[in-house]
Amino acid sequence: MTVHASPDYRMQVETPPPAGYPAQRVADEFSSQPFEIDYTARRQAFLEHCARNPAPLNTKAAYYELARLAAGETAHEGVIQAALEFIDRRKDCADFTLHAILRLLYQFNQGTGLSQAILERARRTVLGFKYWPDEPGRDSLCTWTENHQILYASGAYLAGQLYPHETFTNSGHSGREKMALNRERILRWMDLRFRSGFSEWLSHVYYDEDLTALLSLVGFCQAEEIRERAAMVVDLLLLDMALNSQQGVFGSTHGRSYENTKKWAFNEGTTDTAKLLFGTGVFSGFDNMSAVAFALSEHYHLPAVIAAIANDRQRPEMVNRQRMGLRLAEAERWGLGFKDFEDGMLWLSLEAYTHPRTVRLVLDMFEAFNWWDNAFFEPFKQYQGLLRALRKTGLIGPVARLFERDLCRNTREQANLYTYRTPDYMLSCAQDYRPGYGGDQQHIWQATLGPNAVCFTTHPPKREGASPNYWTGSGTLPRAAQVKNVAIVIYKLSHAPALYVPNRLFLTHAWLPRDQFDEVVERQGWV
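Read on for an overview of the structure. (Residues numbered from 1 in each chain as written. Predicted model: local features only at pLDDT ≥ 70, side-chain atom pairs only at ≥ 80, totals over all residues. Heavy atoms only, no water.)

1. Some thoughts on the packing of aromatic side chains
Okay, step 1: Overall, the coordinates contain 32 aromatic pairs when judged by the stated rule.
Okay, step 2: Between W471 and W511 the ring centres are 5.6 Å apart and the planes differ by 80°, which places this aromatic pair in the edge-to-face class. Pair noted here: W471 is in the loop between strand 5 (454-458) and strand 6 (479-483) and W511 is in strand 8 (residues 509-511), with a separation of 40 residues, a long-range link. When sorted by exposure, W471 lands in the same class as W511, which is buried.
Okay, step 3: Taken together, W144, F341, Y353, F366, F369, W371, W372, F376, F377 and F380 form an aromatic cluster joined through their ring pairs.
Okay, step 4: A cation sits over an aromatic face here: R193 above W189, 5.3 Å from the ring centre.
Okay, step 5: For R434, the ring lying beneath its charged end belongs to Y437, and the centroid distance is 4.3 Å. (Phe/Tyr/Trp six-rings, centres within 6.5 Å; stacked < 30°, edge-to-face > 60°. Helix = DSSP H or I, 4+ residues; strand = E, 2+ residues; numbered from the N terminus. Buried < 20%, exposed > 50% of the residue type's maximum accessible area, 1.4 Å probe, protein only. Lys NZ or Arg CZ within 6 Å of the ring centre and 35° of its normal.)

2. What to know about the sheet that holds strand 3 (residues 426-430)
Okay, step 1: Read across the sheet, 6 strands follow the order 1-2-3-4-5-8 without closing on themselves; strand pairing throughout is antiparallel. Edge positions in the sheet fall to strand 1 (318-324) and strand 8, since each has one partner strand and no second. Averaged over all pairs of adjacent strands, the angle between their axes in this sheet comes to 15°, without regard to strand direction.
Okay, step 2: Relative to strand 2 (residues 415-421), strand 1 runs antiparallel, the two sharing 7 bridges. Each bridged residue has a counterpart across the sheet, and for Q322 the counterpart in strand 2 is L417. (Pairing = 2+ DSSP bridges. Axes fitted to C-alpha atoms, helices over the stretch in contact; angles between N-to-C directions.)

3. Things to note about the nonpolar core
Buried together is how nonpolar side chains tend to be arranged in soluble globular proteins.
Okay, step 1: In terms of nonpolar packing, the biggest core is built from 129 residues, with F46, V126, M190, L214, L238, F294 and W371 touching the most fellow members.
Okay, step 2: With residues near it in sequence (within four places) discarded, L214 still touches I150, W189, M190, A230, V233, V234 and L237. (Core = buried A, V, L, I, M, F, W, Y, C linked by side-chain atoms within 4.5 Å. Contact = heavy atoms within 4.5 Å.)

Right, dumping it as structure tokens:
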């Protein structure tokens, strides 16, 4: 999940702010060119911006209080208290907030003016949290997507390292046991990302989460192997951003994206980070935590070549080709199987819930982890009896194959990406990515000419509701192909019966905001 305006994701702050705490937000300006060449100056500008603004009351609010501390200001303990309560209630995205609390305990536990009461409350929250789906307690946490897995595993490891001899009250593990359980998960996740890339490819939403988890490891992990490998994967993520951004807009194809993040660069989850590291973007505070993690990092330093790639304006054209992710049919190549729950979690990082190869294993995980009562799996619960019967009779695989194009719309297998960039515009697509399958949050292509001057198309299966909807994702994925500055995107809309997301609208549409262009001409169906 990402952060939206839903009340479920808002911090409930009940105590007044400290004297001098800002009451109104002071908007930052979007920078299409580097606003400062020197990183130290950009970092100072970012911390000053954080100090001038109240924390955004979303799942990432606590990070901005840490930025205030780094800027020499007084933190609003009410925001931190609300963050701790959010984690204690095991709300979805609690793992986002958890890493702010871990950073607080590692980096700001002395000499910052924070009360002993808030530090002790933070300690209790860390010791009482649920860190993996096999731990006790019912909840509706999302623990399995690619970004969540590294957030949970690294959070558990660092919590165990912080309290090696204490007992974690929810699981009964000692801190050392927490470290042992999660060490291999962290190394395996990073190894697969290093070798295969990201199933949530080029995501201007979820790269923010990946970066934050990895920077926690870079900053605080005492194991040199983990620390060094985490820094390497951070380099890869930032190189992805640098190669696939246009003047501050991470406006490429994305493995996961939402309506607002595609339409308006100010809503990208990575834009604050891009402005801090590359000088282009905006300090929006809308849905970002990794910018604070970078600004507070004492051990990660951006390679100069990555910043140079992000700000390359001299090259008349650049073509970037990437392969991202892996195929389920190549499981053996990646050392993965279909019987072990640890393998199952890695398949779920591709969101392969009902793929013919994984569905039996995933149903076993539903039973073991009590996922029938997890709100994310509500669509499955109504078919609980039927799924159990199909599993028992051996028919679950054939049924999954029959409805694969609908049931596997979430699954993100290997994608071949193509980005063409000039000093004036960028065009990007996922080449021939699962044409004719149902889609979920995949963003197949985009042309980017400015912060909000973008164009893309989708097939909306319905007008509203959960993704895929009118602008997020696709009811049916197109066949897309691109050579340099020409992309051809063809839709063949499916009328086939569907169990998961039936197509109710049989049209395609384009987002092309007229008010962002000096002139728009439309003649005989061509714009």
